[in-house]
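Structure at a glance
Each chain is listed here by its residues.
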Amino acid sequence: MLSDLFFRLRSLFHRTVVEKELDEELRFHFEGQVEKHVQSGLTHEDAKRRARLEFGGLDQVKEECREARGVTFFETLFQDVRYGLRMLRKSPTFTAVAVLTLALGIGVNTAIFSVVDGVLLRPLPFRNASRLVDVTEYSPGKVDDTGVPYPDYLAWKQGATAFDETAAYFLIRASNDIVLGGPLSAERARYSTVSNSFFSILGVQPALGHGFSASDEIPGGAKVFLISDAVWHGAFGGDRHAVGRPYRLDGENYTLVGVMPAGFDFPKGCGVWIPVGTLGQFGLHDRISHPFHALGRLRLGVSLAQAEAEIEKIQKHLGEIYPNTDAGWQVRAQPLLDEITGNVRTSLFVLLGAVGFILLIACANVVNLMLARASAREREFAIRAALGAGRTRLLLQNLTETFLIVCISVVLAVALAKWGLALIVSLTSIHLPRMESFHLSIPVLTFLAAIAALTTTLVGLVPALQISPQAFQSGFSSGQRSGGIDPHGRQLRNVLVVCEVTLALVLLCGAGLMLRSFVQMNRVKPGFETEHLVSMKIALPGAAYPKAEQTSAFFDRLLERLQSLPGVKAAAATTALPFSGESDWGSFQIAGRATPDWAHVPAAEGRAISASYFQTLGIPLLRGREFSAEDLRNNNTLIINEAMAKKFFPGTNPIGQHLISIDERSNAREIVGVIGDVKSFGLAAESKPEMYTLYRGAWYMNFVLRTSQDPASVVSAAREQIAALDKEVPVYQAATMDQLLSNSIAPERFEMFLLALFAALALTLAAVGLYGVLSFTVSRRSREIGIRLALGAQRGQVFRLIAWQGMTLVIIGVALGLSASLVLTRLIESLLYGVCATDPLAFGGGALLLMSAGFVACYIPARRALRVDPMTALRCE
């Protein structure tokens, strides 16, 4: 049955081809008759009219052929696909190399575009996400970026007309942790304090229960809370009856009123939401602290700049009314997407450009392979041209074969993209936002289809355009080996190799710059000894420890127990660890100096520590002394870092000076020492002014232990000591200082690793492309080389002839690549640390590496040319 169907289809195809040939023949005679009548003196229109009368059956034949052409197209396509698969199967090496090359190029592009789409292009899962704006405050010269006091938010809410709706929320920080006593277990969760309009402006409602009401914003209102879907399944076991019952939050009773839907994660990492009314009168009227971010949805027709200008005007008015707290603060408004994604935009677009270069190099490689293969199939093309195949027919056949290669490559590319996404997630588990959006979505698959179509066009069309049936027929009839491929084919192959080398060198120079930058960053001293340091964090519930004396006494007892543990050399405590991202700035006044206006009051980062902190971490004391037992009793001293001494006490000795904290309204504290700078906010960040005081009244604390044995066993012993003091106090965020340091440079390591990986891939593809072109050249010139050797040419001369041909292309590509790198590497200047965008060592190293790889790629074909037998070549002649 199948064979009968095959013969029927074959007969139909044959009949269609015959009808088409008849149609072409009739057309030829028709046009000949028209030309004959024109030469006899008739006008062109009269000549066509007379020819139609003479060929009355032409229209009928044309119509029959036109009806058959639909079948012809599909039959022709079917034959081309079958023939293409057979030809690919007959050339397994060519097929494997082409498929793998394109799969690499398409796969890495798909993986990186998936990340770009998930982080930057895909809209946030909120209502009218494109119109959501995040508003914060900053103080020029003092505080780069911080939150908003709740009273300022209320003033913007009442006075601004640029927004349809506004809301306020706590931005999640390391100190935003709360102990949640669920029915199954007590666990630590991140929390955010939000206004009742927070969920409304985002267009998200609880999946279970209800949200906050207007009464929850009243100070002293009902103590209620919402939880995330993850917390609901973790601490509550997914119990639907948990809503409406009271639970313990930091030792106080709160009623669970709702569960947010799965996937809702804003602010990032938040597991518990509580209303602003729980802050009380002081929290809601506090103009000194800046814990909130403001959200606004722009009205239709209102631009971001207009909204920012309106809020800035309100803020200036607040500065006039409340000069002690609001003067000097300015407003920064940005799309909510920019607030969430941070500063990863430049890095991702650089990586997207890098994989674009890889795809171009891969396409150039396969184009060269197709050109070489077309040369090897000259006789086949000549026979097909002699049998009547036109240029279009040969072009379509070539495109069909290319399409088959690309289809197979796409299947492999999808697998590579999935593996690449898993690798990227493992590399960026710390700093890259919106990782839950990294998957092969519809936009990503559309992108994949687009680059597959582009690749098919580039790889299939360029070699096919070199095909000349006339040249094939001429070469076939004369018996020559050459012909069929355009004389410019050789120049095209050389141009493609030069382009590959140029693009590869740009990536090598970029990777060299990133590597040099990463090395320079790792040479920066953090300001203390990170080895054998382990840290852990605890927070005391406010209900169980309501007074400052109670929290201080607990931490003092715990510190004594930790210092006596086996394997612990020293122990200390601090409210903010280096590299943790924790920040607590405060304003102060220098005693004895004229009081500045409130817009220019100095500010510095504040750290509350134990007396043993500097010795435990190995922070050097530069001047003065450390804290003493007398300081523990009076708590009226402080120690500053060198950056603060240089900024606020230039040319003078800060020891003995007194600072008055404006935020705490405390008495003057005497500066008793100056320590070395610590890179608290990252190795690449400039050290900020910092002041250290002895902890008293803090409700959370980071404990740091310097050990002489395995940190894991020390942490386990420390947990036992904490449980012995209070089993309701959990230990969390346990990590070595080396881990915190490694996490702080994770973005730079991610960028450097991927760019170096892409540069290595580009170098390999460029070297393979050069090798392929020279190998093809040697195979085509084997007779010429044999004759040269037979006529007395030295083998060294032949070697230099082939090698120099390839190295000439490499040198041209290197020259062009260095020129392009001087321009393009400036795009990554903002990602570099301690290295110029035109660093000669990075450029020279990249050029040297590429020329070395190019020489190896030239050496192998040149050595193969020396194995040509002159006698064999002479027999052929």
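Residues numbered from 1 in each chain as written. Predicted model: local features only at pLDDT ≥ 70, side-chain atom pairs only at ≥ 80, totals over all residues. Heavy atoms only, no water.

Here's the deal with the pattern of salt bridges
Keep this limit in mind: Between Lys or Arg on one side and Asp or Glu on the other, a salt bridge is scored when a side-chain nitrogen of the former is within 4 Å of a carboxyl oxygen of the latter. Only protein chains enter the accessibility calculation, which uses a 1.4 Å probe; a residue whose area is less than 20% of its type maximum is buried, one above 50% is exposed, and one in between is partly exposed. What counts as a helix is a DSSP run of H or I of at least four residues, what counts as a strand is a run of E of at least two, and both are numbered from the N terminus.
Tallied over the full model, the rule gives 15 salt bridges. In this structure, D117 engages R122 in a salt bridge whose closest nitrogen and oxygen atoms are separated by 2.6 Å. By the burial criterion, D117 is buried, and R122 matches it. Of the charged contacts in the structure, one is a salt bridge between R131 and D164, with a shortest N-O distance of 2.7 Å. One end of the pair, R131, is in the loop between α4 (92-121) and β1 (132-139); the other, D164, is in strand β3 (residues 163-170), and 33 residues separate them in sequence. On the accessibility criterion, D164 (38% relative accessible area) is partly exposed. The network of salt bridges with common partners includes R131, D164 and R299.

Here we look at the nonpolar core
Worth spelling out the cut-off: We call a set of buried residues a nonpolar core when its members are Ala, Val, Leu, Ile, Met, Phe, Trp, Tyr or Cys and they connect through side-chain atoms within 4.5 Å of each other. The contact criterion used is simple: two residues touch if any of their non-hydrogen atoms lie within 4.5 Å.
Judged by nonpolar contacts, the single largest core of 88 residues is most densely connected at F614 and F758. The leading source of residues in this core is helix α24 (residues 746-780), at 15 residues. Setting aside residues up to four positions removed in sequence, F758 forms contacts with V108, I112, L351, A354, V355, I358 and L507. By size, the runner-up hydrophobic cluster in this structure holds 42 residues, among which are V135, F236, Y254 and A294.

Observations concerning the side chain of T530
Convention followed: N or O atoms within 3.5 Å of each other form a polar contact, as long as, within protein, one can give a hydrogen and the other can take it, and as long as residues adjacent in sequence are counted only when both atoms are side-chain atoms.
Position of T530 relative to the elements: it lies in the loop between α17 (489-522) and β13 (533-539). In terms of polar contacts, T530 uses its side chain to reach the side chain of D738, at 3.0 Å. Apart from the residues within four sequence positions on either side, T530 is in contact with M737, D738 and L741.

A few points about a nonpolar patch on the surface
How we decide: Any residue with relative accessible area above 30% and no salt bridge may belong to a patch, with like charges joined within 9 Å and the nonpolar Val, Leu, Ile, Met, Phe, Trp and Tyr side chains within 5 Å. For accessible areas, the Shrake-Rupley method is used with a probe of radius 1.4 Å. Any residue's cover is judged against the shown protein chains and nothing else.
A contiguous nonpolar patch, built from L822, V823, L824 and L827 and spanning about 370 Å² of accessible area, is present on the exposed surface. Among the residues examined, L824 registers a relative accessible area of 33% and is labelled partly exposed.

What to know about the confidence of the model for the chain
Filter applied, for reference: One confidence number per residue, pLDDT, is output by the predictor and ranges from 0 to 100.
For the chain, the average pLDDT comes to 80, and 81% of its residues sit at 70 or higher. This model gives residues 1-19 a pLDDT under 50, and the stretch forms 11 contacts once residues within four places in sequence are excluded. Note on residues 56-71: pLDDT is under 50 here. Beyond four places in sequence and across chains, it has 14 contacts.

With respect to empty space enclosed by the protein
If a probe as big as a water molecule is rolled over the atoms, it shows which places are left empty. Rules: Any residue with an atom within 4 Å of a point lines the site, the site being either a cavity, points on a 1 Å grid over the protein atoms alone where a 1.4 Å probe fits but cannot get out, or a pocket, an open set with protein on both sides within 12 Å along at least 5 of 7 lines. Grid points are joined across faces, edges and corners, and a volume is the space filled by probe spheres set on the points. Residues are grouped as follows: nonpolar covers Ala, Val, Leu, Ile, Met, Phe, Trp, Tyr, Cys and Pro; charged covers Asp, Glu, Lys and Arg; every other residue, Gly included, is treated as polar.
For the structure on display, the rule yields eight cavities of 30 Å³ or more. If you add up the space inside the second largest cavity, you get close to 50 Å³. Every residue along the wall of the second largest cavity is listed here: V135, Y153, W156, K157, F163, T166, A294, L295, G296 and I311. Secondary-structure elements contributing two or more residues to the lining of the second largest cavity are α5 (150-159), β3 and β11 (292-298). The residue inventory of the lining of the second largest cavity, partitioned by class, reads seven nonpolar, two polar and one charged.

Here's the deal with the packing of α24 against helix α27 (residues 840-865)
Just so we agree on the cut-off: Helix axes are fitted to C-alpha atoms over the stretch in contact, other axes to C-alpha atoms as well, and angles between N-to-C directions run from 0 to 180 degrees. Geometric relationships in this document are graded by angle, where less than 35 degrees denotes roughly parallel, more than 145 denotes roughly antiparallel, 65 to 115 denotes roughly perpendicular, and other angles denote oblique. Crossing handedness follows the turn of the near helix against the far one: under a right angle anticlockwise gives a left-handed crossing, and clockwise gives a right-handed one.
In the contact formed by α24 and α27, the axes pass within 9 Å of each other and the chain directions differ by 25 degrees. By the angle between their directions, the pair α24 and α27 is classed as roughly parallel. Crossing of α24 over α27 shows right-handed handedness. Every residue of α27 that contacts α24 at L763, A767, L770, Y771, L774, S775 and V778 is listed here: L849, L850, A853, G854, A857, C858, I860, P861, R864 and A865. Looking at the contact of α24 with α27 residue by residue, the class counts come to 14 nonpolar, two polar and one charged.

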